[in-house]
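# Summary of structural features
For reference, the chains in residue letters:
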Amino acid sequence: MRVSGGLCTALAAAVAAAGCAAHPERGAEGGGAPPGHLAAADENAPAGGDLALQMPVDIGTAYGLDPQPADVATTWQLQSLVYDTLVRIGPDFGIEPGLAESWETPDATTYLFHLRQDAAFSNGRRVTAGDAAGSLERLLAGEGVWRTQLGPVEEVRARDESTVEVRLSRPYAPFLAALANTPAAVLPMKELDEGSFDPAEEMLGSGPYKVAFHRQDVLWRFERNEEHWEAVGADRLQVMIAPQEQARMAALQSGGADLAMLGNVDAPLLLDGVRGLEVAPQATTDFYYLMLNANAPGGLFDDPRVRTALNAAIDRGQISEAGLAGLGEPTGVTPAGLPGACDPAALPSARTGLDEARALLAEAGAEDLEFTLAIYSTAPAPAVAEVIQQNLERIGVTAHIRQLDEGSWSAEVYGDVPADFDAALSWFAGYAAAPMVGQWWNPEAAGFNAGFMDPAPELDAAIETALRAEPGDREALDALCTAVDTDAQMIPLVTRPASIGYRSDAVSPEIYATEGYGNAFRNIAHYRVPDAGGADR
C-alpha cells in the first residue's frame, strides 16, 4: 500500500504501536496509472465475474428512485449505475462524451448534442433526442435543486432523431459540468409519458447496469445492461449497505467485500500492511462549511463584525491536520483542487489577525460571546468541530458543541424558517466547475438556507458575474471568494477527504485522483475482475 507523510489523529495514536507514522497522500496519483488517476483497470483482463461492494448509506427515500429531484451524493452514486448523461466528467474535470458522442457550440449560448447511434435503454429501445430533450424539460419544470445548476436554459428541442439543441439566454460557464451529474440523466420519456414507467418506483436507464434486486438500507443487486454502448466489465454487482465503518473495514480484510467506501480518515493507516488490500485516498471537491445563523435568537450573528471575527479566528490548516489527518485542504467557496479555484490564503479572513478579531468583537459588544454549535455525530465531523471550538477560544468566544443524529440535525438546521439554531457544521458536494457551488450562497435561489441566511445583494452580484465569466476568469472567481468570505454567513473551511478501499486480488478498478460529485462508483463499467470465473457471492 502506498504510504507517505501525514499526521496521526487521536484514533491513529491509539494504534501507534502498530506503526502510526504516516498516512497515504491525499489524491496522489497511482504509480503507473494515467494522469489524473489513482488506479487504472487492467484492459487486458477478461470481462465477466461478480463484484461485492459496500457503502455506508443507501439511496435517499424522500423522492423515491427518481434521479431528477435527488440531492444526496450517495443517491447520485447508486443511480449512476443505471442512468447515463449526455456528457461525463473525465480525469482532472475534463468534459468527455457520454450519450452524446460529440457536441458543438456554434455560439456562446447554443449547444448541439449528437447522440450515439448505439445507445439504448435496458429494455432495448434506442435512446432518442426526444428522450434527452424531454428529460431536460422535465428537470427544468420540476422542483429539484439541480434545475438551478443547469443555468439560464431558454429552450430545449430535438432537432432530429439524434440531435438535441439547447439554447441559453446568456453564457453560462458551468453548463456542461452541470449536465454531467446524475440528476441531468436521460430518462426513457416515451415510457414515462405513456405511463408504463414510474421513475419514482423503478429505475430504467441506459447506463451500464440494471437493477435486479433492492431492499432499502440492506442490499442492491445489479446486472449488466446488455444494451449498453460500452464494453462493461463485471457481469453482476452486489452493493451491501454497511453503516458501520468497522464492518466495512473488516469485510475488506476478510474478502467479504472487494471494494468499500471508507469515511474514517485513519482507515488508510489502520489497514496498512493488509495483504492484497489497497486504500486510495481520493481528493474531493466536497468541503465542510460553518453556518452562522443571521436569524439566531438574540441576534448573535446579525452583526457582520461578529461573523468576520469568528471567520478570522478559524485556522483551516489546523482543521485539516488535527481533524482530518492532513487529508483535507483549506478552501474558499471555489473548491480547492478545481481549475481556477481561488487561494484561501489570499482571502480577507486569512489576513485578519487575532487582535483585530478581538477588536471587532469589542466594537460589536460581543466580547464574551457564547453559542451552541450543532453538528451531526458521524466522523470526522466531531473532530472538525473540536478544532473550531479551540480556535475560537483564542478570541474569547465559547462554542458549546451539541452532537445530534443526522436526522435530528438536518431537521433543526434545514427545517424551520427562520431557523432557531445558533451555528452548525455541514458539508457541500463540491461539484466539477469552480463557480457552481457559489449559487448556494444565494438563499433566494437555493432555498435550503432561507431560514438562516439573509440575502446579500453584493454577494449575489458576485455569484452572477462568476457564472457568466469565461472559464479561467480568475478575477471573477477571486471576487466571488472574497464576497463569500466577507459575508461570512456560510464559511467554507476545508475539503472533505474520501478513501476507497479495495482488494487488488479481486478487482482492477479505475479511480480518479479527484472526484467532484461524490461518486466512488464512477467508471465502474471499466472495472475488471481478475478471477472472472470465480464463484458467486
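Because the structure is a prediction, the values reported are computed rather than measured.

## What about the overall build of the chain?
- The secondary structure content of the chain amounts to 16 helices and 21 strands.
- The C-alpha radius of gyration computed for the chain amounts to 23 Å, which stays within 12% of the reference 24 Å derived for 537 residues, consistent with globular compactness.
- Looking at the chain residue by residue over its 537 residues, the buried ones come to 57%.
- In the chain, the proportion of contacts linking residues at least 24 apart, taken out of those at least 6 apart, comes to 71%.
- In the structure as shown, the chain presents an accessible area of about 20,200 Å², 48% of it carried by carbon and sulfur atoms.
- Charge-centre separation for the chain: the mean point of 34 positive side chains lies 4 Å from the mean point of 77 negative side chains.

## Quick look at the environment of Ala242
- Locating Ala242 in the fold gives a position in the loop between strand E11 (236–241) and helix H7 (245–254).
- When its relative accessible area of 7% is taken as the criterion, Ala242 is described as buried.
- Ala242 sits 189 residues away from Leu53 along the chain, and the two C-alpha atoms are 9.8 Å apart.
- Filtering out sequence-adjacent residues up to four positions away, Ala242 remains in contact with Gln54, Met55, Pro56 and Arg248.

## Overview of the confidence of the model for the chain
- With 93% of its residues at a pLDDT of at least 70, the chain reaches an overall mean of 90.
- Predicted confidence for residues 1–24 stays below pLDDT 50, and this span has 55 contacts to residues more than four positions away or in other chains.

## Section: the pairing of strand E9 (residues 209–215)
- Strand direction decides the pairing type here: E9 and strand E10 (residues 219–224), joined by 6 bridges, are antiparallel. Bridged to His214 within E10 is Trp220.
- Hairpin connection from E9 to E10: 3 residues lie between these consecutive antiparallel strands, with Asp217 at a positive phi of about 65°.

## Quick look at the domain arrangement of the chain
- One can read the domain layout of the chain as domain 1 (44–53 + 207–283 + 497–526), domain 2 (83–194) and domain 3 (287–495).
- A C-alpha centroid distance of 33 Å is found between domain 2 and domain 3.
- The interface is formed by 14 residues belonging to domain 2 together with 16 residues belonging to domain 3.
- In this assembly, domain 2 packs against domain 3 so that about 1,300 Å² is buried in total across both faces, 65% of it on carbon and sulfur atoms.
- The three residues of domain 2 that bury the most area against domain 3 are Phe93, Gln149 and Arg170, which together make up 39% of that side's buried surface.

## Side note on the packing of aromatic side chains
- Enumeration over the complete set of coordinates arrives at 23 aromatic pairs.
- Aromatic pair Tyr289 and Phe428: ring centres 4.2 Å apart, planes at 10°, arrangement stacked. With Tyr289 in strand E14 (residues 287–292) and Phe428 in strand E17 (residues 423–428), the pair connects residues that are 139 residues apart, well separated along the chain.
- Ring geometry for Phe428 and Trp441: centres 5.3 Å apart, planes at 50°, overall tilted. Placement of Phe428 in strand E17 and of Trp441 in the loop between E17 and helix H14 (443–446) is noted, with a sequence separation of 13 residues between them. The residues Phe428 and Trp441 share a single accessibility class, namely buried.
- It is Arg221 that lies over the ring of Phe213; its NZ or CZ is 5.6 Å from the centre.
- When the ring centre of Trp427 is taken as reference, the NZ or CZ atom of Arg496 above it lies at 3.7 Å.

Conventions and cut-offs
- Residues numbered from 1 in each chain as written.
- Predicted model: local features only at pLDDT ≥ 70, side-chain atom pairs only at ≥ 80, totals over all residues.
- Heavy atoms only, no water.
- Helix = DSSP H or I, 4+ residues; strand = E, 2+ residues; numbered from the N terminus.
- Rg over C-alpha atoms; globule rule 2.2 N^0.38 Å.
- Buried < 20%, exposed > 50% of the residue type's maximum accessible area, 1.4 Å probe, protein only.
- Contact = heavy atoms within 4.5 Å.
- Areas by Shrake-Rupley, 256 points an atom, 1.4 Å probe, with all protein chains shown as cover.
- Lys, Arg positive; Asp, Glu negative; His and termini not counted.
- Charge placed at Lys NZ, Arg CZ, Asp CG, Glu CD.
- pLDDT = per-residue confidence, 0-100.
- Pairing = 2+ DSSP bridges.
- Domains from an automatic or database assignment.
- Buried area = accessible area lost by both parts, 1.4 Å probe.
- Phe/Tyr/Trp six-rings, centres within 6.5 Å; stacked < 30°, edge-to-face > 60°.
- Lys NZ or Arg CZ within 6 Å of the ring centre and 35° of its normal.

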